[in-house]
Amino acid sequence: MTETTEPPAHRTRIFADLTPLRSSPDYRRLWFGNTVSWIGQGMTALAVSLQVYDITGSAFSVGLIGFCSLVPLVVFGLYGGAVADTVDRRKLGLFSAAGSFSLALVLMAATFAGVENVGLLYAIVALQAVCFALNAPARSSMVARLLPPEQLPAANALSSMTSTTGALVGPMLGGLIVGWWGYRAAYTVDALTFTASLYAMWRLPSMLPDRDGEEGREGGGARKRASVLDGLRFLGGRPNLRMTFLTDLCAMVLAHPRALFPVVAIVWYGGDARTTGMLVAAPALGALLGGVFSGWLGCVRLHGLAVLLAVGSWGAAIAVFGLTRHLWLGLLFLALAGCADTVSMVFRNTMLQAAVPDEMRGRLQGVFIVVVAGGPRLGDFLAGSVADLASPAVAVVGGGVACVVAVCLLALKWRGFARYDARDPQP
């Protein structure tokens, strides 16, 4: 299905390894379609927030947008993974992408018709989250079938660039387009960007879950309904895979100061909304740079040790950020934290793809969605609560230190994780 193109063993890359894009036309189309649609979704997310505020004048109403997306992501994340392990993943990806495209058309049509209904906007946001929860496990499970194992770290680094580019470029373009041409233009552009994702899914080959090495094409294996509970039982008995989630929760729950950025901008740096924007952008910029300069990641074999070091580095960078009162130094450490997060994400995703049987990949990716969606929200709540009870400094510094300590304790509890070798992936 793919051609394997490996760089010479003696070469160490600096910039992102583009081998997956060159070796697999299917992966190249999938990556390009995802990148374009991520930018479009970032535009729409900002446009919907602005429109809700224009209609209601309420910051609380804007905050409800996040709740409307979080609940479907958590509820349907696990279900979407089970579906991805039951049906043809290409059809599931195409169906869910078509759903997102249809919702973008509804949003565009409602705006052209002059409909200003907050309930409709909330409903569209919730349904878009459902489509994403169905699409993401199928799409992520496909990557390991489109590329050889040695190219998975490079592919995950490229995927990190997709999401961070969408998070950075999408809102900026959305703000410019809404400011110049209004909501109609922003929603129209978003609808157009989804065609790239639809085309990529359309061109993919059929991809039934691989059961017992037969790729589900023989017999009735792939027609058997996959169980969410079976996926959780599988995860519970695989310490290396379980550690990929536990370490991520250490970072996202214990050391996630995003909710405190508005307070920090004013109290620590004497800034304003622009300062808050810089604090929010710094980790995303660091994550993007981590993807751009990710060529060396392909040389790393001990993926578990790399995850432990990366998550520990995130916690340390957040703790130092909490100690500094110089804006540019604080931005630097936030960017370093974002870069460490990219490294962690690349190796955690690679382990989930390489060490998980194909028939379980969808369900494990569903768990990944739940952790990614719910972890930062719990982190926001914890950081805000500690800041109210003590101070923002205690919340940020204490959270960073707690992350480092928790990762060290996990590493001592499951020592085999640090010895996880990419040449012999064991779950």
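It should be noted that the structure appears before, not after, this text.
Residues numbered from 1 in each chain as written. Predicted model: local features only at pLDDT ≥ 70, side-chain atom pairs only at ≥ 80, totals over all residues. Heavy atoms only, no water.

1. Here's the deal with the side chain of threonine 275
Here threonine 275 shows up in helix 11 (residues 273-292). By relative accessible area, which is 9% here, threonine 275 ends up buried. Setting aside anything within four residues of it in sequence, one finds threonine 275 in contact with Ala265, Tyr269 and Leu327. (Helix = DSSP H or I, 4+ residues; strand = E, 2+ residues; numbered from the N terminus. Buried < 20%, exposed > 50% of the residue type's maximum accessible area, 1.4 Å probe, protein only. Contact = heavy atoms within 4.5 Å.)

2. Digging into a nonpolar patch on the surface
A contiguous nonpolar surface patch, about 510 Å² in accessible area, is contributed by Phe67, Val71, Val74, Val75, Phe76 and Tyr79. Among the structural elements, phenylalanine 67 can be located in helix 3 (residues 59-84). Looking at phenylalanine 67, the relative accessible area reads 53%, which means it is exposed. (Patch = residues over 30% accessible without salt bridge, like charges linked within 9 Å, V, L, I, M, F, W, Y side chains within 5 Å. Areas by Shrake-Rupley, 256 points an atom, 1.4 Å probe, with all protein chains shown as cover. Salt bridge = Lys/Arg side-chain N within 4 Å of Asp/Glu carboxyl O.)

3. Quick word on the pattern of salt bridges
Scanning all chains against the criterion turns up ten salt bridges. Of the charged contacts, one joins aspartate 358 and arginine 89 as a salt bridge, the two residues approaching to 2.9 Å between their closest N and O atoms. Note that aspartate 358 is positioned in helix 14 (residues 358-389) and arginine 89 in helix 4 (residues 89-112), a separation of 269 residues in sequence. Owing to a relative accessible area of 0%, arginine 89 belongs among the buried residues under this scheme. Note that arginine 361 and aspartate 358 form a salt bridge whose closest N and O atoms lie 2.8 Å from each other. Taken as a pair, arginine 361 and aspartate 358 lie in helix 14 at a separation of three residues, close to a single helical turn. You can call arginine 361 buried: its relative accessible area is 12%. The exposure class of aspartate 358 is buried, given its relative accessible area of 7%. Look at the salt bridges and you will find they share partners, linking Asp85, Arg89, Arg145, Asp358, Arg361 and Arg363 into a network.

4. Remarks on the packing of aromatic side chains
Within this structure, the stated rule accounts for eight aromatic pairs. With centroids separated by 5.1 Å and ring planes inclined at 35 degrees, the aromatic side chains of phenylalanine 15 and phenylalanine 293 adopt a geometry described as tilted. Residue phenylalanine 15 is found in the segment before helix 1 (19-23), and its partner phenylalanine 293 is found in the loop between helix 11 and helix 12 (303-323); the two are separated by 278 residues along the sequence. Phenylalanine 15 gets classed as exposed once you look at its relative accessible area, which sits at 52%. One aromatic cluster in this structure is built from Phe261, Trp268, Tyr269 and Phe321. (Phe/Tyr/Trp six-rings, centres within 6.5 Å; stacked < 30°, edge-to-face > 60°.)

5. Here's the deal with the packing of helix 2 (residues 25-56) against helix 6 (residues 152-181)
Between helix 2 and helix 6, the least distance of the axes is 7 Å, while the angle of their chain directions is 35 degrees. In the crossing of helix 2 with helix 6, the sense of the turn from one axis to the other is right-handed. For the contact of helix 2 with helix 6, a count of residues per class yields 15 nonpolar, eleven polar and no charged. (Axes fitted to C-alpha atoms, helices over the stretch in contact; angles between N-to-C directions. Left-handed = near helix turned anticlockwise from the far one by under 90°. Nonpolar A, V, L, I, M, F, W, Y, C, P; charged D, E, K, R; others polar.)

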